[in-house]
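Each chain, letter by letter, is given below.
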Amino acid sequence: MAGTRSSATEFRVLLRQHRVAAGLTQEELAELSGLSTGAIANMERGRSARPYRTSVTRLADALGLTGRAREAIVQAARGALTSTIPVSDNNQSEPHTQVPRQLPAVVRHFTGRADELETLTAILHQPASADASVVISAIAGTAGVGKTALAVQWAHRVADRFPDGQLYANLRGYDPGQPITATDALARFLRDLGVPGPDIPAEEDGRAALYRSLLAGRRMVIVLDNASEVEQVRPLLPGTPECVAVVTSRNALAGLVARDGARRVDLDLLPLADAVSLLQALIGSRVNDDPEAAAALAVHCCRLPLALRVAAELAVARPATSLAELAHELADKQRRLDLLDADGDPRTAVRAVFSWSIWHLDPGAARAFRVLGLHPGPDLDVYAAAALTGTSLQHASQLVDRLARAQLIQTARPGRYSMHDLLRDYACERAAADDGEGEERAALTRLFGYYLHTAATAMDTLYPAEKHRRPQISPSATLAPPLADPAAALTWLDTERGCLIVVAAHAADHGWPGHATQLAATLFRYLEVGGHYPEAIAIHDCARRAAHDTGDTAAEAAALNALGISYLPQGRLSEATSHLEQALSLWQQTGDRSGEARTLGNLGNVEWRQGRYRQAASHHRRALTLFRETGDRVAEAHALSNLGIVDERQGRYRQAASHHRRALALYRESGDRTGEARTLHNLGEVELHQGSYQTAISHLEQALTAYRQTGDRVAEAHALASIGEAELHQGSYQEATSHLERALALSRESGDRDVEAEVLNDLAAISLATGDPSHAQTQHAAALALASQTDDAYQQARAHHGLGSVCHASGDSGQARHHWQLALTLYTELGAPEAAQVRTQLASSDSSLRPELAAPG
């Protein structure tokens, strides 16, 4: 396995080196080779399957490779891993193993469908067809016929055959709002499979390739519910026969059958006997007492399970009314609707049942049904219901309970409710007819105001020192949950994140641009610190579009700035720079010096990531000047910290410590505990480089305590890595390994590739120091691959430095000089002090004495 892993690393490193040497961007190489930009990006990140021979040939031709250089990259490609994720020992990068169990609960009193269940099981036992590599069942049928119930019932029955879990997605193909795109569904599935946010590719092709690679070798059931078209489904299909996919749709999905080898199961109305049996299970003995009336009721419900359940609940709620009377009432209601819609569509029967059921609600509950249908998200809680209805929390809870008992909404999970898309359609239809546009807009304005105010409250709890930098949100008239505790605030944001993204998109597209821009700006830090980069890009792009369409230049600049920051951790540096430069131009147009300064600082961080320290320091000094002019003391501390980090990387430790101490004083003066913790961390880093290991550990442990109190797991990983490095230098290898392995786990959970590369380099130094050069080589190679993916030149240099030491310890002086020379080139370009140590090692490499082995970097 070691040879295969090395080939995979070699291919992506060689590809990137040749591209950079040719002076080409990924976009330019894509154009020359005829491959997609996403495919090239994924090859360089090690996130694509083994490249096809034709693709390698195209790349070699586009790069102008001949002779040995061409042979080397072709051989490396042949040896690359089939999987997109390196097969792992304890120090290789891989997603955290998770076994998702996402199937919804089976429907109560599932009745009938024995033939269809048998058909699905028979399909499972059939070998995949010649034109398909995976078993796909497509359940098609009219709305309300029970497609989802059948798919979920069957998936539960066979779940024990698929020990690696189940994935489920409601694609909302027929909701009034926008369906879930395959791109967004893939992002969610990748997260559920353990991929951190920064590692989720930007393009749909890259996400689909990674998704299929993660499913390879696993036995899983994937239920894709409520699809509207084939292209919404195709990227979500697994690629191996160990997995099975079940798709439900009102559409026949003919393309899925013809091209992908799906077996279609057409779901018809329930047979009359089964429809009556369902009524009997739901209503009880009254059905047995009057089977003719029960049969009439089933016929009036057009034998559709959804309509039967709604009608049965109404019968249970009126025990004194005979089934014959109920059937007569429904028949009368249906005759009136038939005069308006006589096309024989079974949905007419459903509308009749809905109308009949709602006619028996009190006016408040009927209105609640209408306005709850306006909610654009996948589900809601009682607080959101109170906002939509404009009532108290207690009254809203009663209304929600009434609708749930009437089968007009259902419990999605404890405390959260959803609405069948047919019911949502009908609710919106009635809201437009009965309430009018003004009331609809008022209800949604209350809802968006509630989400905005509550999100702001949660952010004020989590990040109080940044309150002045977020939009000032007016109090909501709707009661919000108590969020004074940081854990409660974070839980609310995590629970509502999906709804908040959808709300921002709906607000941007339907006439609430201010809500969209303010919500995005409010959530910025939460999405950044949490590593929710796909969601961050989605919401900030909504804000950018809304601001641009309304001419709100300041909001557009803020959104562009946030987009730039969101691209940075994913290694998408050109996109980050482009958005930040656009933001800078807009800030300068508006004369917003504070915004200009923030964006300058972010541009400095992009330069720092690329090892351009002089340019980074220039940006940070300009930001510092502007912050001082505007009197923003917290932002001034940020700029000082950034300057200190640049100085530290260049070996100017006294200047770095001075900057950090001045920043620390400002943070303490402002009461910014988060900033104080980060500055103590930065001071510890400087002291580590100065050899003051115990002082460094003291400061780092103070920072670690603060990070754990605020739940900042990204920063916690940084601190643990630094403590481990200090212990490494002290020769405390066991303690260092413990801290570094914890940092490695956290960095993989959060997707922080920079820390992961740093930790792997440190662990490699421990392996070499404790007599395990083979393991050290593997760890350094993994660090080099990661650092190459993120353009982290410093960690690339450390990896080459360490690989040189490994080769020298193994007696391979030629390879040792090769890696040391690469390290020296990178360190020199960076202006890093480690260059002097490498020069010494190169000068003495021909000596018979083994050079003193120090931890690289």
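Residues numbered from 1 in each chain as written. Predicted model: local features only at pLDDT ≥ 70, side-chain atom pairs only at ≥ 80, totals over all residues. Heavy atoms only, no water.

1. Let's talk about the overall build of the chain
Here is step 1 of the chain: Each helix and strand in the chain was counted, giving 40 helices and 7 strands.
Here is step 2 of the chain: Out of the 857 residues belonging to the chain, those deemed buried represent 56%.
Here is step 3 of the chain: Considering only contacts in the chain between residues 6 or more positions apart, those separated by 24 or more positions represent 67%.
Here is step 4 of the chain: Here the chain displays about 34200 Å² of accessible surface, and carbon together with sulfur accounts for 49% of that area. (Helix = DSSP H or I, 4+ residues; strand = E, 2+ residues; numbered from the N terminus. Buried < 20%, exposed > 50% of the residue type's maximum accessible area, 1.4 Å probe, protein only. Contact = heavy atoms within 4.5 Å. Areas by Shrake-Rupley, 256 points an atom, 1.4 Å probe, with all protein chains shown as cover.)

2. Describing the pairing of strand β1 (residues 135–140)
Here is step 1 of the chain: For β1, a buried count of 6 out of 6 residues is recorded, marking the element as mostly surrounded by other parts of the structure.
Here is step 2 of the chain: Here β1 shows no split at all, with V135, S137 and I139 on one side and I136, A138 and A140 on the other all buried.
Here is step 3 of the chain: Taken together, the 6 bridges between β1 and strand β4 (residues 244–249) define a ladder with parallel strand orientation. Paired with A138 across the bridge in β4 is V247.
Here is step 4 of the chain: By the bridge criterion, 4 bridges tie β1 to strand β5 (residues 263–266) in an arrangement that is parallel. (Pairing = 2+ DSSP bridges.)

3. As for the nonpolar core
Here is step 1 of the chain: Counting residues in each nonpolar core, the largest one holds 124 residues, and the members touching the most others are F369, L372, L408, Y451, L493, L519 and L523.
Here is step 2 of the chain: Here this core takes 11 residues from helix α22 (residues 436–462), the largest share from any one element.
Here is step 3 of the chain: A617, Y667, A793 and A823 belong to the second largest nonpolar core, which has 44 residues in total. (Core = buried A, V, L, I, M, F, W, Y, C linked by side-chain atoms within 4.5 Å.)

4. Looking at a negative patch on the surface
Here is step 1 of the chain: A cluster of acidic residues, E27, E28, E203, E204 and D205, forms a negative patch on the protein surface.
Here is step 2 of the chain: Counting only elements with at least two residues in the negative patch, the list comes to α2 (26–33) and α9 (204–215).
Here is step 3 of the chain: When its relative accessible area of 37% is taken as the criterion, E28 is described as partly exposed. (Patch = residues over 30% accessible without salt bridge, like charges linked within 9 Å, V, L, I, M, F, W, Y side chains within 5 Å. Salt bridge = Lys/Arg side-chain N within 4 Å of Asp/Glu carboxyl O. Lys, Arg positive; Asp, Glu negative; His and termini not counted. Charge placed at Lys NZ, Arg CZ, Asp CG, Glu CD.)

5. As for the packing of helix α18 (residues 363–372) against helix α20 (residues 393–405)
Here is step 1 of the chain: Direction vectors running N to C along α18 and α20 enclose 85°, while the axes themselves pass 10 Å from each other. Regarding the angle of α18 to α20, the classification is roughly perpendicular. Contact with α18, carried on its side by G364, A365, A368, F369 and L372, involves L399, V400, R402 and L403 of α20 and no other residues of that element.
Here is step 2 of the chain: Split into classes, the residues belonging to the contact of α18 with α20 amount to 7 nonpolar, 1 polar and 1 charged. (Axes fitted to C-alpha atoms, helices over the stretch in contact; angles between N-to-C directions. Parallel < 35°, antiparallel > 145°, perpendicular 65-115°, else oblique. Nonpolar A, V, L, I, M, F, W, Y, C, P; charged D, E, K, R; others polar.)

6. Observations regarding the environment of E231
Here is step 1 of the chain: Mapped onto the elements, E231 comes out in helix α10 (residues 230–233).
Here is step 2 of the chain: C-alpha separation for the pair E231 and L256, spaced 25 residues apart in sequence, amounts to 9.0 Å.
Here is step 3 of the chain: Among the polar contacts listed, one links the side chain of E231 to the side chain of R234, at a separation of 2.6 Å. (Polar contact = N/O pair within 3.5 Å; in protein donor to acceptor, adjacent residues only side chain to side chain.)

7. As for the pattern of salt bridges
Here is step 1 of the chain: Applying the stated criterion to the full structure yields 35 salt bridges.
Here is step 2 of the chain: For E629, the salt bridge identified is with R593, shortest N-O distance 1.7 Å. Highlighted residues: E629 in helix α29 (residues 613–630) and R593 in helix α28 (residues 593–609), separated in sequence by 36 residues.
Here is step 3 of the chain: Since its relative accessible area comes to 48%, E629 is described here as partly exposed.
Here is step 4 of the chain: The salt bridge partner of E676 is R668, with a shortest N-O separation of 3.1 Å.
Here is step 5 of the chain: A relative accessible area of 22% means that E676 is categorised as partly exposed.
Here is step 6 of the chain: What makes R668 partly exposed here is its relative accessible area of 45%.
Here is step 7 of the chain: Among the ionic contacts, a cluster of salt bridges with common partners joins R191, D494, R497 and E535.

8. Focus: the confidence of the model for the chain
Here is step 1 of the chain: Taken as a whole, the chain shows an average pLDDT of 85; of its residues, 89% reach a score of 70 or greater.
Here is step 2 of the chain: Averaged pLDDT values for the elements of the chain fall to 64 in helix α1 (residues 2–21) and rise to 96 in helix α19 (residues 382–389).
Here is step 3 of the chain: Note on residues 339–344: pLDDT under 50 across the span, and 2 contacts to partners over four residues away in sequence or across chains. (pLDDT = per-residue confidence, 0-100.)

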